[in-house]
Amino acid sequence: RITKVGFLGVRPTVVLQKQDAGFVVTTMANGTWETIKALGAMPVKLYHVGRAALGLEQRDQNGPMSVVGAGRVAGEISSQQAVPASDRFFSLLLLLAGLNLFLGMFNLVPLPPLDGGPMATTVYEALRRWVARLRKRPDPGFVDSAKLLPVTYVMAAVILVMSVVLIYADIVAPVSLS
């Protein structure tokens, strides 16, 4: 039986430093930018998660995961008894904040059925009205968003397949902190 232990009794230490408000702003801006990049890379990352679920490659520790994987990671964080309780609490808080930021940004993707879909339709209507006013033409009226229902169905199917792949991968090839 092999047991993981520290090398020669040496363990890394964590030193907490106070930061100013500017650090918080730059950290949130950086997190938002990284989230946008992750959304753009989602199809490729999901492909690799699927391959990992089939045992064809190793699971990327920084790749996407489902609620099942996030719950597992939260469980690992909270069960690390060598880490002080305050550090575990703030790590869980940071995990929740990251999930919340990602879900909020994902929901803003301008495709139906996400909230960004109606927002994109509203922006399109406003641009049409503005162009009509510039050309001194009558108001073109509202856009028939019901014509976007096929896109809604396709996106709902994509989200469903993505969820199934991620949940399956989190069960058979989970992300682990250790």
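Structural notes, computed from the coordinates. (Residues numbered from 1 in each chain as written. Predicted model: local features only at pLDDT ≥ 70, side-chain atom pairs only at ≥ 80, totals over all residues. Heavy atoms only, no water.)

Bringing the packing of helix H1 (residues 21-40) against helix H4 (residues 85-107) into the picture now. As a packed pair, H1 and H4 sit with axes 10 Å apart at the nearest point and diverge in direction by 55 degrees. Comparing the axis directions of H1 and H4 gives the class oblique. The two elements H1 and H4 meet at a crossing, and its hand is right-handed. In contact with Gly31, Thr32, Thr35, Ile36 and Leu39 of H1, H4 contributes Leu101, Phe102, Met105 and Phe106. For the contact of H1 with H4, the class distribution of residues is six nonpolar, three polar and no charged. (Axes fitted to C-alpha atoms, helices over the stretch in contact; angles between N-to-C directions. Helix = DSSP H or I, 4+ residues; strand = E, 2+ residues; numbered from the N terminus. Parallel < 35°, antiparallel > 145°, perpendicular 65-115°, else oblique. Left-handed = near helix turned anticlockwise from the far one by under 90°. Contact = heavy atoms within 4.5 Å. Nonpolar A, V, L, I, M, F, W, Y, C, P; charged D, E, K, R; others polar.)

With that out of the way, let us pick up the pattern of salt bridges. On inspection of all chains with the given rule, the structure shows four salt bridges. Arg51 is paired through a salt bridge with Glu57; the nearest N and O atoms lie 2.7 Å apart. Among the ionic pairs, Arg59 bridges to Asp170, the shortest N-O distance being 2.9 Å. You can see Arg59 sitting in the loop between helix H2 (42-53) and helix H3 (67-78) and its partner Asp170 sitting in helix H6 (residues 149-172), a full 111 residues away along the chain. In this pair, the class of Arg59 matches that of Asp170, namely buried. (Salt bridge = Lys/Arg side-chain N within 4 Å of Asp/Glu carboxyl O. Buried < 20%, exposed > 50% of the residue type's maximum accessible area, 1.4 Å probe, protein only.)

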